[in-house]
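# Fold and contact review
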Amino acid sequence: MSQTKAAAAASLQPDAELDITDVVCPMTFVKVKAALDDLDEGQILAVRLNDGEPVQNVPRSLKDEGHKVLKLSEAADGTYRLLVRRAPD
Amino acid sequence: MALSDAQLERYSRNVILKEIGVKGQKKLLAGKVLIVGAGGLGAPAAMYLAAAGVGVLGLADADRVDLSNLQRQIIHATPDVGKPKVASARETIQALNPDVEVRTLEGLVQADNVLELVADYDFVIDGTDNFPAKFLINDACVLAGKPFSHAGIIRFKGQTTTWVPGQGACYRCLFVAPPPPDAVPTCRQAGVVGALAGVLGSLQAMEAVKYLTGVGQLLTGRLLTFDALSMDFRTIKVARRPNCAVCGPTPTILRPVDLQPAVCDLKAAKTA
């Protein structure tokens, strides 16, 4: 990621926040889909997710459905933070 | 209305599908499907639609559960023998999925009630076992502009097609009129494999799910036949009959009519 892109991503303000660290596959992706469904096209969802299977699968599944994964970063507590922009229906 | 956490979990395998998702699940929950006949076809159809979370399931059947039904009508169980089929089916559905509202008609679907009955639903499943009922449902659905799935089963063979207003052939385009009484045996006389009923009833449920969610291609203008012995599925294109008595440009059938059931059905019904 270039510095300008990183700066842009850092400044992205999520429209909604979701924590999926308390669920496992497939509820991780199901919850993200449901949260995105509540947003409008172009809005941004921030997702807190666990390392391992969620980090491997959730971003990939989101891309498969046409959503734009903007940023995935590790947080201080070992969880990850994912920013995703909702695709049109 | 947002789906609850329990609903997201119950329907997770639907929601995860790109073609269904949250929006499709909401369509299913808002959907109303009428199932005429809680028997071999209606049992699997009702159970899969209940499991899928179809919001309202209408069930119409005049019969009571008979021991000989249980070989294929899996919505009923041994303790249900003697109960009205719609009552037994309601219990199974409510145990399976409390999200589903079940509406029942314990009685015959006839010319004088069929239009009123189908009017309340988005999609109709014909799970009946006799020709007069199949023509009645076809005519009523065509007259009311109500999409429906036809299926028929006997021995090891089944067939199914779907009609949607303005799309494809109706049942009367394919078969014009019922065969003469006794020309075709009923499954009482001829026998039918339970799993075959499961295959065809499940296909009907699949069509209802596709119609409600708006995904895929329905069996409109096509007749699917299944031969369980050779394990052959065939799909035949079927055209509208230009002079069809009910869906043609100058219809002669302008309201539903009760046709005389085959004599053997009457006898069997009286002794059942």
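Residues numbered from 1 in each chain as written. Chains lettered and ligands numbered in written order. Predicted model: local features only at pLDDT ≥ 70, side-chain atom pairs only at ≥ 80, totals over all residues. Heavy atoms only, no water.

## Quick word on the overall build of chain B
This is how the line gets drawn: A run of DSSP states H or I qualifies as a helix once it reaches four residues; a run of E qualifies as a strand once it reaches two. Both are numbered from the N-terminal end. Put simply, the radius of gyration uses C-alpha atoms, and a globule should come to 2.2 Å times the residue count raised to 0.38. With a 1.4 Å probe rolled over the protein chains alone, any residue whose accessible area is under 20% of its type maximum counts as buried; one over 50% counts as exposed, and the rest are partly exposed. Contact definition: two residues touch when any of their heavy atoms are within 4.5 Å.
Helix and strand counts for chain B come out as 11 helices and eight strands. Taken against the 2.2 N^0.38 rule, which gives 19 Å for 272 residues, the C-alpha radius of gyration of chain B at 18 Å falls within 12% of a compact globule. By principal-axis analysis of the C-alpha atoms, chain B measures approximately 55 × 45 × 40 Å. A burial count over chain B gives 50% of its 272 residues as buried. Put simply, 67% of the contacts in chain B that link residues at least 6 apart link residues at least 24 apart.

## A few points about the interface of chain A and chain B
Interface size is often expressed as the accessible area that is lost when the parts come together. Let me state the cut-off plainly: As a working definition, buried area equals the accessible area (1.4 Å probe) given up by two parts on being put together, with both sides summed. Put simply, a salt bridge is a Lys or Arg side-chain nitrogen that is within 4 Å of an Asp or Glu carboxyl oxygen. Polar contacts here mean pairs of N or O atoms no more than 3.5 Å apart (in protein, one a potential hydrogen donor and the other a potential acceptor; neighbouring residues in sequence count only if both atoms are side-chain atoms). All amino acids are sorted into three groups, where Ala, Val, Leu, Ile, Met, Phe, Trp, Tyr, Cys and Pro are nonpolar, Asp, Glu, Lys and Arg are charged, and the leftover types, Gly among them, are polar.
With 12 residues of chain A at the contact, the number on the chain B side is 13 residues. With both chains or domains summed, chain A and chain B bury close to 1100 Å², and 63% of this area falls on carbon and sulfur atoms. A per-residue breakdown of the area chain A buries against chain B is headed by Val 30, Lys 33 and Asp 37 of chain A, which together make up 38% of the total. If you look at where chain A meets chain B, you find four salt bridges. Counting across the chain A and chain B interface gives five residue pairs in polar contact (both at pLDDT 80 or more). Among the elements that take part in the side of chain A that touches chain B, helix H2 (residues 27-37) of chain A stands out by supplying seven residues, more than any other. Grouping the amino acids of the side of chain A that touches chain B by side-chain chemistry returns five nonpolar, no polar and seven charged.

## Describing the packing of aromatic side chains
Residue and element names in this part refer to chain B. Note the threshold: Ring pairs shown here join Phe, Tyr and Trp side chains whose ring centres sit within 6.5 Å, with only the six-membered ring taken for Trp; geometry is labelled stacked below 30 degrees between planes, edge-to-face above 60, and tilted in between.
According to the stated counting rule, one finds five aromatic pairs over all chains in the structure shown. Ring geometry for Phe 123 against Tyr 211: centres 5.4 Å apart, planes inclined by 35°, an arrangement best described as tilted. With Phe 123 in strand S4 (residues 123-126) and Tyr 211 in helix H10 (residues 194-213), this residue pair connects regions lying 88 residues apart in the sequence. Phe 123 gets classed as buried once you look at its relative accessible area, which sits at 0%. Consider the rings of Phe 148 and Trp 163, whose centres lie 6.2 Å apart with planes at 40°: the pair is tilted. One end of the pair, Phe 148, is in strand S5 (residues 148-154); the other, Trp 163, is in strand S6 (residues 157-163), and 15 residues separate them in sequence. Owing to a relative accessible area of 6%, Trp 163 belongs among the buried residues under this scheme. Put simply, the rings of Phe 135, Tyr 171 and Phe 175 touch in pairs and so form one group of aromatic residues.

## Here's the deal with the packing of helix H3 (residues 21-30) of chain B against H10 of chain B
All names here are of chain B. Put simply, the rule is: Axis definition: a line fit to C-alpha positions, over the contact stretch in the case of helices; interaxial angles, taken between N-to-C directions, run 0 to 180 degrees. For classification purposes, angles smaller than 35 degrees are called roughly parallel, those larger than 145 roughly antiparallel, those between 65 and 115 roughly perpendicular, and all remaining angles oblique. By convention the crossing between two helices is left-handed if the near helix lies anticlockwise of the far one by an angle smaller than a right angle, and right-handed if it lies clockwise.
Taken N-terminus to C-terminus, the directions of H3 and H10 make an angle of 110°; their axes are 8 Å apart at the nearest point. With respect to each other, H3 and H10 are oriented roughly perpendicular. Like other packed secondary-structure pairs, H3 and H10 cross with a definite hand, here right-handed. Touching Gly 24, Lys 27 and Leu 28 of H3 are Val 209, Leu 212 and Thr 213, all from H10. When the residues that make up the contact of H3 with H10 are grouped by side-chain class, the tally is three nonpolar, two polar and one charged.

## Here we look at the layout of surface pockets
Put simply, the rule is: Buriedness for pockets is judged along seven lines, at least five of which must meet protein on both sides within 12 Å for an open set on the 1 Å grid over protein atoms alone, while cavities are sets there where a 1.4 Å probe fits but cannot get out, and lining residues have an atom within 4 Å of a point. Grid points are joined across faces, edges and corners, and a volume is the space filled by probe spheres set on the points.
As a volume, the second largest pocket reaches approximately 380 Å³. What lines the second largest pocket is a set of 18 residues, among which Asp 37, Glu 65 and Asp 89 of chain A together with Lys 18 and Lys 23 of chain B lie closest to the centre. The set of elements that each furnish at least two residues to the lining of the second largest pocket consists of H2 of chain A together with H3 of chain B. Tallying contributions element by element places H3 of chain B first for the lining of the second largest pocket, with five residues.

## A look at the side chain of Asp 37 of chain A
Relative to the assigned elements, Asp 37 of chain A resides in helix H2. Setting aside residues up to four positions removed in sequence, Asp 37 of chain A forms contacts with Arg 86 of chain A together with Val 22, Lys 23 and Lys 26 of chain B.

## A closer look at the confidence of the model for chain B
All names here are of chain B. This is how the line gets drawn: Per residue, pLDDT captures the predictor's confidence, and it can take any value from 0 to 100.
Summing up the model confidence of chain B, the mean pLDDT is 94 and the portion of residues at 70 or higher is 96%. The low-confidence segment residues 266-272, where pLDDT is below 50, has three contacts with residues more than four positions distant or belonging to other chains. Overall fold confidence for the complex sits at a pTM of 0.91, while the interface term, ipTM, reaches 0.82.

## Here's the deal with the nonpolar core
All names here are of chain B. Stated precisely, the cut-off is as follows: We define a nonpolar core as any set of buried Ala, Val, Leu, Ile, Met, Phe, Trp, Tyr and Cys residues linked to one another through side-chain atoms lying within 4.5 Å.
Grouped together as the largest cluster of nonpolar side chains are 28 residues, with contacts concentrated most on Leu 34, Val 109, Val 124, Cys 170 and Cys 173. Of all the elements in the fold, those that place two or more residues in this core are strand S1 (32-36), strand S2 (56-60), helix H6 (114-119), helix H7 (131-144) and helix H8 (171-175). A total of five residues in this core trace back to one element, the largest contributor, which is H7. Residues contacting Cys 173, with those up to four places away along its chain left out, are Ala 239, Arg 240, Arg 241, Cys 244 and Cys 247.

## Examining the packing of H2 of chain A against H3 of chain B
Here H2 of chain A crosses H3 of chain B at 80°, and the two axes come no closer than 8 Å. Classified by the angle between their axes, H2 of chain A and H3 of chain B sit roughly perpendicular to one another. Counted together, Lys 33, Ala 34 and Asp 37 of chain A of H2 of chain A and Gly 21, Val 22, Lys 23 and Lys 26 of chain B of H3 of chain B form the full contact between these two elements.

## Quick look at the environment of Pro 251 of chain B
Residues and elements named next belong to chain B. Examined against the element boundaries, Pro 251 turns out to sit in the loop between strand S8 (232-237) and helix H11 (263-271). Using a relative accessible area of 30% as the deciding quantity, one classes Pro 251 as partly exposed. Placed 45 residues apart in sequence, Pro 251 and Met 206 show a C-alpha to C-alpha distance of 31 Å. Excluding anything up to four places from it in sequence, Pro 251 contacts Cys 244, Ala 245 and Val 246.

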